[in-house]
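Next come the chains, spelled out residue by residue.
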Amino acid sequence: MIYGLGILKGLGVTLKHFIYSYIEDVRYLFEGGRYQPRHLPARQGPRARGVFTVQYPKEKLPLPENFRYIPFLVYDTQENKIKCTSCGICAKVCPPQCIWIVRGTDPSTGRPKPEPEAFYIDATICMSCGFCAEFCPFDAIKMDHNYELSSYERYESLLFDLPRLLKPDTYHAQIHPSDWARELAEKEAEKAKKGEKAAAHTSA
Amino acid sequence: MTAPTKAKAVPRAELKGDLAVLKEKFGDAVQPAEYEGVVIANDVLLEAARFIRDELGYRYLSSLTAVDYIQEGYFEVVYHAYRLEGGGPLVFKARTPRDVATVPSLVSVWPGADFQEREAWDLMGIRFAGHPNLKRILLWEGFHGHPLRKDWKEPYYEEEHKPFSSRWPSGHHIRAEDRVFWHDNVQYPLDWDPDQVEDTSDELLYIGMGQFARAETGELVEPKSLRTERLVVNMGPQHPSTHGVFRMVVTLDGETIVRLEPVMGYLHRNHEKIGERNMYLQNMPYTDRLDYICSMSNNLGYAIAVEKLLGIRPPERAEYLRVIMAEFTRIVNHLWAIGFLLNDLGAFFTPALYAIEERELILDLFEEAAGSRMMCNYMRFGGVAHDVSDDWIARAKELVYNRLPRAIEELDRYLTHNELIKARCQGVGVLPPDLAVAYSTAGPVLRASGIPYDVRRAEPYSIYDRFDFDVAVRYNGDVYDRYLIRIDEMWQSLRILRQALDQIPKGEIQAGKKQYMIRVPAGQAYGRVENPKGELGFYIVSDGSPNPYRYHIRAPSFINLTALNEMCKGHKVADVVVILGSIDIVLGEVDR
């Protein structure tokens, strides 16, 4: 075999990649250019050729529903209350132990009431594992999609307190549509069950 | 939280098969141990180890670790040896009282015990009598104490075990730094004087290297016409092509390597101590961060080890999903390894970027299934975290049937026959098969040296026994073969993926109810999987509480480095970088 043929063949591959990057650009010429948001799925899909990079921050990859990044607390906009009951499961399951919860107390009776008085998540420690959302029995804590959290200071601005953590359930419904659908279905089922029970009770 | 006490009726291991042979040979010096294996008396340990290796045929020492039984007052060193033909381990143990803390070193029997014994000395404080180079390996000389001992407490120590009681119900946030009044990182010993602290690691190291350099070993014939001088050179830490913060100290004769010693621990965080503070489930996301390229298969290894103790198996669909994820991970890792091997050769980033295009597509799949591209945290005990949609399967098939074969073929065409690569890789860093086994190397490094040992075949876990695939093997043991074997393994992974994606059934993905605080029955288990970088093992001792009593990781990249000195001897400085690249290490796993 001729010495150097392997190198030439290899360079052929490089050349192919180089040419493809132009062919792809030309192909999208009459569709408003390749770097339009609507072409992003094709450019990043399994049949993509040519330049593979995404022009962040001008364009961003769409996030799948499961994507997880720092939790937030869900605020129930219909019943106007925080969904969290301060049961403490998220604080217990948290691997780096970055959740601090002060359980609420009823001032008149002094007994615990199902609402957090204070809730902190230390985002400098959080490892975004998603256990809190996975094990919350009340669907009160969910993982966020907002990953742009950089700040000029690394202490106060990254210690999230209750007002910072609360987000309306409409936001939750928007970023987690199928999870939200499951929640609604479960609620319906529970209502139906209750209705059945009540019906059974009155008939008996 | 108590250690398994003798007062409780702890089941003793039954002595049958090779254990019985061992007992017959050494009589009272061999006693059945708790749960599994035998305890061998220290005075016959070396002899017994030779017997185990030569007569019983357990030539491969997979794991060596130590457990601190503080209540009973002794340390236990646990060895897992395997036959290369496959099958289960021979577990044997050595014990030493805590105040003596000395056991004979097995480096003369298995050179692969070298780094593992140094690690046990460093973290557990057990001296290995007869070890040729018993220095700390992950921490520095002068470090106070041995952190894996049960009575050692880390800086910012809060409580023995998570969950910490300060978090709930009256969890007023307090920063760890504020808990110590000098707002700094440490708990100082009482008699500690900062002026007295000396880090003597480097001195010790250089003395060792220098002596070797001065000694007339006769290993290298010095040309008479040219007078050369031996000198010690530091490569790294933080050289771009040394794969992370890793340092190699080399003694050079001219430009030829006489001796090389890797220095590591720059990324050490005592993963195992963290793991012993954590609850079982809480360790899952931490395993992602070991070998951060292959988080899926790390998850799998840990899940399998704990499931051994729990005695459960995940449902069918979950098993298939696990295999699919693990094999995709292998492809990701090998693409990455090949790309960066080329970086190390000096082909800066073009091959690497071509190789990791497909990695992006696979990571997209991971992100959709698990929620994160690299820190997947996907497996649970008895199942997986999320199910995947039909659309996901269709996309995975598209990748496996169309895109990936084309990409691997292209990579092959691009690099394999390149004369420059051949010139730089063939015959470089040769590791003969007997040494590869002796040094306990694993994965592609072992198989490129002609040993067809693959845990997926040797001791099948999960559902690997159902799939039709070959164990890739190459025979020259040089850098070129370690490159080729990664291509071969990707083809085999594709074969497994095709079968798994075609056969995957519908159904449940989690056995039983998902729990966050599982109670694991008391016992010991060693779960191992064939990670892309080699055999990844988790040794777990449970005392029945929600936290593991001992949590040890047999990290393939760490142990593969034991053979680095052997591979580099006689080569040039430029080759060292390539040889290191061909072992394919990840410092998150090496330093733990």
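The structure presented is a predicted model; accordingly, all values stated were derived computationally and were not measured. (Residues numbered from 1 in each chain as written. Chains lettered and ligands numbered in written order. Predicted model: local features only at pLDDT ≥ 70, side-chain atom pairs only at ≥ 80, totals over all residues. Heavy atoms only, no water.)

**Some details on the overall build of chain A**
The cut-off we apply is this: Segments assigned H or I by DSSP are reported as helices when at least four residues long, segments assigned E as strands when at least two residues long, and all are numbered from the N terminus. Values of the radius of gyration come from C-alpha atoms, whereas the globule rule sets the reference at 2.2 Å times the count of residues to the power 0.38. Any two residues having at least one pair of non-hydrogen atoms within 4.5 Å are treated as being in contact. The accessible surface values rely on the Shrake-Rupley method and a 1.4 Å probe; as for residues, cover is taken only from the protein chains in view. In this tally, Lys and Arg are treated as positive and Asp and Glu as negative; His is ignored, and so are the chain termini. Each charge is placed at NZ for Lys, CZ for Arg, CG for Asp and CD for Glu.
For chain A, the count of helices and strands is seven helices and seven strands. Going from N to C terminus, chain A has its helices and strands arranged as α-α-β-β-α-β-β-α-β-β-α-β-α-α. Scaling as 2.2 N^0.38, a compact globule of 204 residues should have a C-alpha radius of gyration of about 17 Å, whereas chain A reaches 26 Å, well beyond that. Across its three principal directions, the C-alpha atoms of chain A cover 90 × 50 × 40 Å. The long-range share in chain A, meaning contacts at least 24 apart out of those at least 6 apart in sequence, stands at 61%. Of the roughly 12000 Å² of accessible surface on chain A, 60% is carried by carbon and sulfur atoms. Taken together, the 27 basic and 25 acidic charged side chains of chain A have centroids lying 7 Å from each other.

**A word on the domain arrangement of chain A**
Just so we agree on the cut-off: Boundaries of every domain are those given by an automatic assignment or by a domain database.
The domain architecture assigned to chain A consists of domain 1 (1–61) and domain 2 (69–193). Each of domain 1 of chain A and domain 2 of chain A has a C-alpha centre, and the two are 42 Å apart.

**Describing the environment of His176(A)**
Residues and elements named next belong to chain A. The condition is simple: Throughout, exposure labels follow a simple rule: accessible area from a 1.4 Å probe, protein chains only, divided by the maximum for the residue type, with under 20% read as buried, over 50% as exposed, and the rest as partly exposed. Under this definition, polar contacts are N or O atom pairs within 3.5 Å; protein pairs additionally need one hydrogen-donor-capable and one acceptor-capable atom, and for neighbouring residues in sequence, both atoms have to be side-chain atoms.
Within the element layout of this structure, His-176 appears in the loop between helix 6 (169–175) and helix 7 (177–203). The class for His-176 is buried, based on a relative accessible area of 6%. Taking C-alpha positions, His-176 is 27 Å from Ala-48, a pair spaced 128 residues apart along the chain. Ignoring any residue separated from it by four or fewer positions in sequence, one finds His-176 in contact with Glu-65, Phe-72, Lys-142, Met-143 and His-145. A polar atom in the side chain of His-176 sits 3.2 Å from the backbone oxygen of Met-143.

**A short note on the packing of helix 9 (residues 316–345) of chain B against helix 11 (residues 390–415) of chain B**
All names here are of chain B. Our working rule: A fitted line through C-alpha atoms serves as each axis, taken over the contacting stretch for helices, and the angle formed by two N-to-C directions is quoted from 0 to 180°. Here the angle decides the label: under 35 degrees means roughly parallel, over 145 means roughly antiparallel, 65 to 115 means roughly perpendicular, and every other value means oblique. Should the near helix be turned counterclockwise from the far one by less than a right angle, the crossing is left-handed, whereas a clockwise turn marks it as right-handed. Amino acids outside the nonpolar list (Ala, Val, Leu, Ile, Met, Phe, Trp, Tyr, Cys, Pro) and the charged list (Asp, Glu, Lys, Arg) are all regarded as polar, and Gly is one of them.
Where helix 9 contacts helix 11, the two axes come as close as 12 Å, and the packing angle between them is 25°. Looking at the two axes, helix 9 sits roughly parallel to helix 11. Between helix 9 and helix 11 the crossing geometry is left-handed. Where helix 9 approaches helix 11, its residues Ile-324, Met-325, Phe-328, Ile-331, Leu-335, Ile-338 and Leu-342 are matched on the opposing element by Trp-392, Ala-396, Val-400, Leu-404, Leu-411 and Leu-415. Of the residues in the contact of helix 9 with helix 11, the class split is 13 nonpolar, no polar and no charged.

**Description of the interface of chain A and chain B**
The test is simple: Simply put, the buried area is the total loss of 1.4 Å probe accessible area from both parts when two parts are fitted together. Salt bridges are defined as contacts in which a side-chain nitrogen from Lys or Arg sits within 4 Å of a carboxyl oxygen from Asp or Glu.
Between chain A and chain B, the contact holds 50 residues from the first and 54 residues from the second. When chain A packs against chain B, close to 4700 Å² is buried across both sides, 56% of that on carbon and sulfur atoms. Run the count over chain A and chain B and you get five salt bridges. Residue Arg175(B) pairs with Asp122(A) through a salt bridge whose shortest N-O separation is 3.9 Å. Going through the elements one at a time, helix 1 (5–27), helix 3 (89–93), strand 3 (99–105), strand 4 (112–122) and helix 4 (131–135) of chain A are the ones with two or more residues in the side of chain A that touches chain B. Top element by residues in the side of chain A that touches chain B is helix 1 of chain A. It accounts for eight residues.

**Considerations on the nonpolar core**
Here is the rule: Residues grouped as a nonpolar core are buried Ala, Val, Leu, Ile, Met, Phe, Trp, Tyr and Cys residues, joined through side-chain atoms within 4.5 Å.
With 186 residues, the main nonpolar core has Ile40(B), Tyr79(B), Phe92(B), Phe328(B), Tyr378(B), Trp392(B) and Leu561(B) as its most contacted residues. The residues contacting Phe328(B), other than those within four sequence positions of it, are Ile362(B), Leu365(B), Phe366(B), Trp392(B), Ala396(B), Val400(B), Leu404(B) and Leu497(B). With 25 residues, the next largest nonpolar core counts Cys94(A), Ala133(A), Leu158(A) and Phe160(A) among its residues.

**Re unusual backbone geometry**
For the bond from Lys162(B) to Pro163(B), the omega torsion is 0°, close enough to zero to count as cis. With respect to the helices and strands, the residue Pro163(B) is situated in the loop between strand 7 (127–129) and helix 4 (176–179). The residue Asn80(A) is not glycine, and still its phi comes out positive at about 50°. When you line up the elements, Asn80(A) lands in the loop between strand 1 (69–76) and strand 2 (81–82).

**Quick word on the pattern of salt bridges**
Under the counting rule described, the total for this entry stands at 66 salt bridges over all chains. Here Glu261(B) ties to Arg259(B) by a salt bridge, and the two come within 3.0 Å at their closest N and O atoms. Each of the two residues, Glu261(B) as well as Arg259(B), counts as buried. Within the structure, one salt-bridge network assembled from shared partners comprises Lys83(A), Asp139(A), Lys142(A), Asp179(A), Arg182(A), Glu183(A) and Glu186(A).

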